[in-house]
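Structural characterization, general
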Amino acid sequence: ASKPYVDDVFSTYLYTGNATARSITNNVNLSGKGGMVWTKRRSGTGNNTIYDTERGATYYIRTNLNNAQGNDANTLSSFNSDGFSLGSDTTSNDSGTFGSWSFRKQKGFFDIVTYTGNGSNRTISHSLGCEPGIIIIKNLDSTEDWRVYHRSTGGTKSLSLNNTDAAGSYSTVFNNTDPTASVFTVGTS
């Protein structure tokens, strides 16, 4: 089997928004392999917005906010074999310049996992096949801060993606446990 190139699994792509439905071609196969698109307006204020294939096109979360997920058929409307399509909503397609970052699922590079929390310490399986360098968790159903594990701070600390605070010791987030090549641990938080 041939090894993938970075161009096969990741793309940084700039585009000019026009509030008209259109396709963005960046040659990353998101519909066949799965993955995530992150968009951000560069020429003005706007939210950092994430769409992923696990939840489906039109579902979004914003990394600079702690809000629950939203759903709008006019935002990112589909994941394609060569990129993604946008609707007419101004979230990711207003007039002005936007940056987009596409991450395709790939062993050793990127994975997306969804699970239902139960308030107990437990392990969650992933398909990376290596120890993750970073894990980002967001409660999709309610207003909660983003929780981040990073290899440099370890499983005894947690960062918050939507805040500016330093890493804090929160044993209830990652249960003071570093991830492995097949699972990561969550606490009671």
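Residues numbered from 1 in each chain as written. Predicted model: local features only at pLDDT ≥ 70, side-chain atom pairs only at ≥ 80, totals over all residues. Heavy atoms only, no water.

Now for the environment of Arg-55. Structurally, Arg-55 can be placed in the loop between strand S4 (48–52) and strand S5 (59–62). Look at Arg-55 and you get buried, because its relative accessible area is 14%. Ignoring sequence-local partners within four residues, the contact set of Arg-55 consists of Ile-50, Tyr-60, Ile-61, Gln-69 and Leu-140. A distance of 2.8 Å separates a polar atom in the side chain of Arg-55 from a polar atom in the side chain of Asp-52. Among the polar contacts made by the side chain of Arg-55, one reaches the side chain of Gln-69 at a distance of 2.7 Å. (Helix = DSSP H or I, 4+ residues; strand = E, 2+ residues; numbered from the N terminus. Buried < 20%, exposed > 50% of the residue type's maximum accessible area, 1.4 Å probe, protein only. Contact = heavy atoms within 4.5 Å. Polar contact = N/O pair within 3.5 Å; in protein donor to acceptor, adjacent residues only side chain to side chain.)

For the rest of this paragraph, the subject is the pairing of S4. Counting buried positions over the five residues of S4 gives five, a clear majority of the element. On S4, burial covers both faces: Asn-48, Ile-50 and Asp-52 on one face and Thr-49 and Tyr-51 on the other are all buried. Pairing of strand S3 (residues 35–41) with S4 involves five bridges; the strand directions are antiparallel. The partner of Thr-39 across the bridge, within S4, is Thr-49. As defined by bridge partners, S4 adjoins S5 across two bridges and the pair is classed as antiparallel. By the bridge assignment, Ile-50 is partnered in S5 with Ile-61. Following S4, the chain reverses through six residues before pairing antiparallel with S5; Gly-56 in that reversal takes a positive phi of roughly 100°. (Pairing = 2+ DSSP bridges.)

Under the criterion given, the structure shown has four salt bridges. With a closest N to O distance of 2.8 Å, Asp-52 and Arg-55 form a salt bridge. Taken individually, Asp-52 and Arg-55 each receive the classification buried, so the pair is uniform in this respect. The shortest N-O distance in the salt bridge between Lys-105 and Asp-111 comes to 3.9 Å. Accessibility expressed as a relative area gives 22% for Lys-105, which makes it partly exposed. A single network of salt bridges, built from pairs that share partners, joins Glu-54, Lys-105 and Asp-111. (Salt bridge = Lys/Arg side-chain N within 4 Å of Asp/Glu carboxyl O.)

A sheet is described by the order of its strands in space; here six strands give the open sequence S1-S9-S3-S4-S5-S6, paired in antiparallel fashion. Only two strands of the sheet have a single neighbouring strand rather than two, namely strand S1 (10–17) and strand S6 (70–71).

The subject of this paragraph is the layout of surface pockets. Summary: where empty space remains is shown by rolling a probe the size of a single water molecule over the atoms. The computed volume of the largest pocket comes to approximately 1,400 Å³. Lining the largest pocket are 48 residues; nearest its centre among them are Val-113, Tyr-115, Ile-136, Ile-137 and Lys-138. Put simply, the parts of the chain that give the lining of the largest pocket at least two residues each are S3, S4, strand S11 (134–137), helix H3 (171–174) and strand S15 (183–186). At four residues, S11 tops the list of elements feeding residues into the lining of the largest pocket. Taken together, the residues of the lining of the largest pocket sort by class into 23 nonpolar, 16 polar and nine charged. (1 Å grid on protein atoms, 1.4 Å probe; cavity = no way out; pocket = protein on both sides within 12 Å on 5 of 7 lines; lining within 4 Å. Points joined across faces, edges and corners; volume = space filled by probe spheres on them. Nonpolar A, V, L, I, M, F, W, Y, C, P; charged D, E, K, R; others polar.)

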